[in-house]
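So the chains spell out like this:
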Amino acid sequence: MPELPEVERFKNFVDRTSLHQKIAFAKLAETDRLFDISAKDLIHILEGNEFEDTYRHGKFLFIRLKRKGYLMLHFGMTGELYYRDPDEKSPKVYVLLIRFENGRNFLFADSRGFGMIAWVHSIEEFIKKRGYGEDALLIDQDSFIRLFRKRRVAIKTALMNQNIIAGIGNEFSDAILFQTKIHPLSNSGKLTIDQFTDIFHAMKKILKESVSHDADRNKLNHYFLLNQRQAGLACPRCEGKTEWQTIGGRSSYFCPSCQKSYQ
DNA sequence: TGACTTGTTCAAAT
DNA sequence: GATTTGAACAAGTC
């Protein structure tokens, strides 16, 4: 599922394929996932325009347009990008199709429809208005600790809350907490400065490494619970076995023997 | 057949 | 007002 590293991969994909080409035409499927602008206005803005540059904040991708603002894409659970020749096989169902003047198609597909498309005038304004936290790769240690110390929810729930920090989802939160031997149900406010410091460094390390491997999960097999997510697995660190529990409305996997809970 | 999965938002509760 | 909780959404997999 697209968390921060996958969105970084989409950003690199756009950089590699789609910048500085004139948009011949744009087509938007009927969708209720378009925000802050009408389909007609968005298409009007896109046609004749060019992608100039890209930015990522948490799980949001912003594509700066040569003329007027940014196209914002959020990938939900199943969002994907394609850049294809017209005669190349490409998904039949898509949310947004952009044809460049060179004849190639840029496609945003999203089979489960949890993604989002918007047009924004300013990235800062968008983030502020919706209350998203700082990006997980950019936040500094002191701010990180200050934010999490005052929360009274499960540490996993806090890590996944995009309004505290942006970019961590269900799978990375489990992997980070396994690394630090902290039970996902631990009360965030009850952890020590040392524990927050550990979580902070584990988070940066896993995210950076994942980004450097283009979000290829197969290259991150040494991070337990990132790819193998099921109950009853042998813990690589102790004699324990993984357990499943719903935390913050999401499936969580952890080792109850070596991940200690702090309440 | 149906339980389970994901990220985000929203409304209700505290 | 701030924070927390949990339901809702779609559709693919097992």
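Here the structure is a predicted model, which is why all the values come from computation and not from measurement.

1. Concerning the nonpolar core
What tends to happen in soluble globular proteins is that the nonpolar side chains get buried as a cluster.
In step 1: By size, the foremost hydrophobic cluster in this structure holds 30 residues, and its most contacted members are Phe51 and Ile117.
In step 2: For this core, the element with the most residues is helix H1 (residues 4-17), which contributes four residues.
In step 3: When near neighbours in sequence (up to four residues on either side) are disregarded, Ile117 contacts Leu28, Arg33, Leu34, Phe35, Leu42, Leu71, Met72, Leu73, Val95, Leu96 and Phe108.
In step 4: In terms of nonpolar packing, the next biggest core, distinct from the first, is built from 29 residues, Ile145, Ala158, Phe196 and Leu207 among them.

2. Considering the sheet that holds strand S6 (residues 79-84)
In step 1: Spatial strand order, S1-S7-S8-S6: four strands in an open sheet with antiparallel pairing. Lying at the two open borders of the sheet, with one neighbouring strand each, are strand S1 (23-28) and S6. Taken pair by pair, the neighbouring strands of this sheet meet at an average axis angle of 15°, ignoring direction.
In step 2: In terms of strand pairing, S1 meets strand S7 (residues 96-100) through five bridges, oriented antiparallel. Residue pairing for S7: Ala26 is matched across the bridge by Ile98.
In step 3: The sheet strands contacting H1 are S6 and strand S8 (105-110), and the helix crosses S6 at an angle near 15°.
In step 4: Relative to the sheet, helix H2 (residues 39-46) contacts S1 and S7, its axis offset from that of S1 by approximately 165°.

3. A short note on the protein's contact with DNA strand B
In step 1: Around DNA strand B sit 19 residues in total, of which His74, Met77, Arg130, Arg250 and Ser251 are the nearest.
In step 2: For DNA strand B, the backbone portion of the atoms within 4 Å of the protein, that is sugar and phosphate, comes to 62%.
In step 3: Measuring from a phosphate oxygen of DNA strand B, one finds a side-chain N or O atom of Trp244 at 3.0 Å.
In step 4: Looking at which element gives the most residues to the surface near DNA strand B, the answer is strand S13 (residues 250-254), with three residues.
In step 5: Grouping the amino acids of the surface near DNA strand B by side-chain chemistry returns seven nonpolar, six polar and six charged.

4. Quick look at H1
Note: α-helices contain 3.6 residues per turn, so residues at a spacing of three or four share the same orientation.
In step 1: Between its first and last C-alpha atoms H1 spans 20 Å; for 14 residues at 1.5 Å apiece the expected length is 20 Å, and the two agree.
In step 2: The buried fraction of H1 amounts to ten of the 14 residues, a majority that puts the element mostly inside the structure.

5. Observations concerning the packing of aromatic side chains
In step 1: All told, the structure shown has 13 aromatic pairs when counted by the stated rule.
In step 2: Between Tyr83 and Phe100 the ring centres are 6.2 Å apart and the planes differ by 50°, which places this aromatic pair in the tilted class. Taken together, the residues Tyr83 in strand S6 and Phe100 in strand S7 connect sequence positions 17 residues apart. Side by side, Tyr83 and Phe100 carry an identical accessibility label, which is buried.
In step 3: Within the aromatic cluster, the residues linked to one another by ring pairs are Phe51, Tyr83, Phe100 and Phe106.
In step 4: The lysine or arginine in question, Arg130, covers the ring of Phe35, its NZ or CZ lying 6.0 Å from the ring centre.

6. So, helix H4 (residues 141-149)
In step 1: Those residues of H4 lying buried are Ser143, Phe144, Ile145 and Phe148.
In step 2: Structurally, H4 contributes buried residues whose contacts are with helix H5 (155-160), strand S11 (165-166) and helix H7 (193-212).
In step 3: Put simply, Asp140 is the residue that caps the front of H4, since its side-chain oxygen is 3.1 Å from the backbone nitrogen of Asp142.

7. A short note on the pattern of salt bridges
In step 1: Under the counting rule described, the total for this entry stands at twelve salt bridges.
In step 2: Between Lys11 and Asp15 there is a salt bridge whose closest N-O contact spans 3.5 Å. Separated by four residues within a single helix, Lys11 and Asp15 lie in helix H1, roughly one turn from each other.
In step 3: Note on Lys11: relative accessible area 15%, which makes it buried.
In step 4: With relative accessibility at 28%, the residue Asp15 sits in the partly exposed group.
In step 5: If you follow the salt bridges from partner to partner, you end up with Glu6, Glu171 and Arg217 in one network.

Reading guide: rules and limits
- Residues numbered from 1 in each chain as written.
- Chains lettered and ligands numbered in written order.
- Predicted model: local features only at pLDDT ≥ 70, side-chain atom pairs only at ≥ 80, totals over all residues.
- Heavy atoms only, no water.
- Core = buried A, V, L, I, M, F, W, Y, C linked by side-chain atoms within 4.5 Å.
- Buried < 20%, exposed > 50% of the residue type's maximum accessible area, 1.4 Å probe, protein only.
- Helix = DSSP H or I, 4+ residues; strand = E, 2+ residues; numbered from the N terminus.
- Contact = heavy atoms within 4.5 Å.
- Pairing = 2+ DSSP bridges.
- Axes fitted to C-alpha atoms, helices over the stretch in contact; angles between N-to-C directions.
- Near = heavy atom within 4 Å.
- Polar contact = N/O pair within 3.5 Å; in protein donor to acceptor, adjacent residues only side chain to side chain.
- Nonpolar A, V, L, I, M, F, W, Y, C, P; charged D, E, K, R; others polar.
- Expected span 1.5 Å × (residues − 1).
- Phe/Tyr/Trp six-rings, centres within 6.5 Å; stacked < 30°, edge-to-face > 60°.
- Lys NZ or Arg CZ within 6 Å of the ring centre and 35° of its normal.
- Salt bridge = Lys/Arg side-chain N within 4 Å of Asp/Glu carboxyl O.

No statement about biological role is implied by the geometric values presented.
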